[in-house]
Amino acid sequence: MVTADVVSPTVHLHVLLTAWQFGDWAADVAFGLQLAGLALYGLGVLRLRRRGRRWRSRRTLSFLAWVLVLMVALVSGLSSYDNSVFLIHISQHLLLMMVAPPLLALGAPVTLALQASGRTATTRIIQLMRSRTAVLLASPMVAAGLYYGFMYLDLLSPFYHYSLVHPLVHDASHLAIFSLGCLFWWPILGVDRFPGRVHFGLRLASLGLGMPFEVFLGIALLSMRSPIAPQHSLADTHLGGGAFWVSTMTINFLAALVVLSQWKRQDERLAARLDRGGGSSEADHERWASAWMARTGAVPPTDSGPAGQSQ
């Protein structure tokens, strides 16, 4: 028998727009780190410009969007409802786990750091990227397991209610979902060249294979016969579950479009290199064929053949 439904607080637009969380230590730390990241990114772009090198504006825009999304999720009035309204809680966690990490990955901060830093810093960054821990955590199976596992821990276990009544745990969960989101999304959408980058086809497959986990979680929240926590109403629980289901499917679809666009641009660059190297040596043709085989699993036919032989 379902108990009487409590009433979740009403969300007011003026609170979302004006109730900034400055004065809360977690929000202040998050805001300070965002400003520091923005300053370092801008410094890197300026260094490249002074060296006469161009940094793509779409990467800068993605990074700026990442900063804005984090501000909305952690510092804006949205945070004033995250413990009391489940729909807002879901919205906040989606921003931290499925919106901010892809935007950061598309901003290519590691590539910028490698190009703008001195030799010592560049060497240390490369060593960190190639470390066993980094390679293990960035592997698709490990990253996906941690990513989806924490989704279920956060929303379908007693951990959710525990985090609501323990502010430090709640703040730590924000850091966890953002970090795990970065591990999952960076190999899929990231411009940075990490060791063990997977083929574009596998990136699309990983998005497709993960969708059933998100659908099941959304349905589980929609099917609950009691509120997910005493702070929320049953109607609010169902609304949050529906928002999770629709939002995750939409984000995955948009991410798949980005992957397809990246795949197309890479193929166009390979074709352009082929056109420019029409009269190149046999070694150049072999390198060209190896690149196509590694990236697509096949070598496309040409008028002269991959090794200069007639077709």
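Residues numbered from 1 in each chain as written. Predicted model: local features only at pLDDT ≥ 70, side-chain atom pairs only at ≥ 80, totals over all residues. Heavy atoms only, no water.

Let's talk about the side chain of Asn 252
Mapped onto the fold, Asn 252 is located in helix H12 (residues 234-276). Residue Asn 252 is classed as buried on the basis of its relative accessible area of 3%. The contact partners of Asn 252, leaving out residues within four places of it in the chain, are Met 98, Trp 185, Leu 207, Met 211 and Glu 214. (Helix = DSSP H or I, 4+ residues; strand = E, 2+ residues; numbered from the N terminus. Buried < 20%, exposed > 50% of the residue type's maximum accessible area, 1.4 Å probe, protein only. Contact = heavy atoms within 4.5 Å.)

Here we look at helix H4 (residues 86-106)
Here H4 spans 29 Å end to end across 21 residues, near enough to the 30 Å set by a 1.5 Å rise per residue. For H4, the principal kink sits at Leu 95 and spans about 35°. Buried residues dominate H4, accounting for 18 of its 21 residues. One or two residues past the end of H4 sits Ala 108, with phi positive at roughly 50°. (Expected span 1.5 Å × (residues − 1). Bend = angle between axes of the 7 residues up to and from the residue.)

A look at unusual backbone geometry
Residues other than glycine predominantly adopt negative phi, and peptide bonds predominantly adopt the trans conformation. Located in the positive-phi region is Ala 108, a residue other than glycine, with phi close to 50°. By secondary structure assignment, the location of Ala 108 is in the loop between H4 and helix H5 (109-116).

Here we look at a nonpolar patch on the surface
Together, Trp 25, Val 29, Leu 33 and Leu 168 make up a nonpolar patch on the protein surface, roughly 470 Å² of accessible area in all. It is helix H2 (residues 25-50) that provides the largest number of residues to the nonpolar patch, a total of three residues. Position of Val 29 among the secondary structure elements: in helix H2. A relative accessible area of 43% places Val 29 in the partly exposed class. (Patch = residues over 30% accessible without salt bridge, like charges linked within 9 Å, V, L, I, M, F, W, Y side chains within 5 Å. Areas by Shrake-Rupley, 256 points an atom, 1.4 Å probe, with all protein chains shown as cover. Salt bridge = Lys/Arg side-chain N within 4 Å of Asp/Glu carboxyl O.)

Considerations on the packing of helix H8 (residues 140-155) against helix H10 (residues 167-189)
Their axes nearest at 9 Å, the elements H8 and H10 cross at an angle of 145°. The way H8 lies across H10 gives a crossing that is left-handed. The residues of H10 that touch H8, namely those facing Ala 143, Ala 144, Leu 146, Tyr 147, Tyr 148 and Phe 150, are Ser 173, Ala 176, Ile 177, Leu 180, Gly 181, Leu 183, Phe 184 and Trp 185. Residue composition of the contact of H8 with H10, grouped by class: twelve nonpolar, two polar and no charged. (Axes fitted to C-alpha atoms, helices over the stretch in contact; angles between N-to-C directions. Left-handed = near helix turned anticlockwise from the far one by under 90°. Nonpolar A, V, L, I, M, F, W, Y, C, P; charged D, E, K, R; others polar.)

Thoughts on H10
Look at H10: 32 Å from first C-alpha to last across 23 residues, which is about the 33 Å you get at 1.5 Å a residue. Within H10, the axis deviates most sharply at Leu 183, by approximately 25°, and proline Pro 187 lies no more than four positions further along.

As for a positive patch on the surface
Taken together, the side chains of Arg 54, Arg 56, Arg 58, Arg 193, Arg 197, Arg 265, Arg 269, Arg 273 and Arg 276 present a region of like positive charge at the surface. Here the element with the most residues in the positive patch is H12; it accounts for four residues. Within the secondary structure layout, Arg 197 lies in the loop between H10 and helix H11 (200-222). (Lys, Arg positive; Asp, Glu negative; His and termini not counted. Charge placed at Lys NZ, Arg CZ, Asp CG, Glu CD.)

Concerning the environment of Phe 150
Position of Phe 150 among the secondary structure elements: in helix H8. Placed 26 residues apart in sequence, Phe 150 and Ala 176 show a C-alpha to C-alpha distance of 8.4 Å.

Some remarks on the environment of Leu 156
Position of Leu 156 relative to the elements: it lies in the loop between H8 and helix H9 (159-165). By relative accessible area, which is 33% here, Leu 156 ends up partly exposed. C-alpha separation for the pair Leu 156 and Ala 220, spaced 64 residues apart in sequence, amounts to 8.3 Å. For Leu 156, the residues in contact, after removing those within four places along its chain, are Leu 217, Ala 220, Leu 221 and Met 224.

These values are about where atoms sit, not about what they do.
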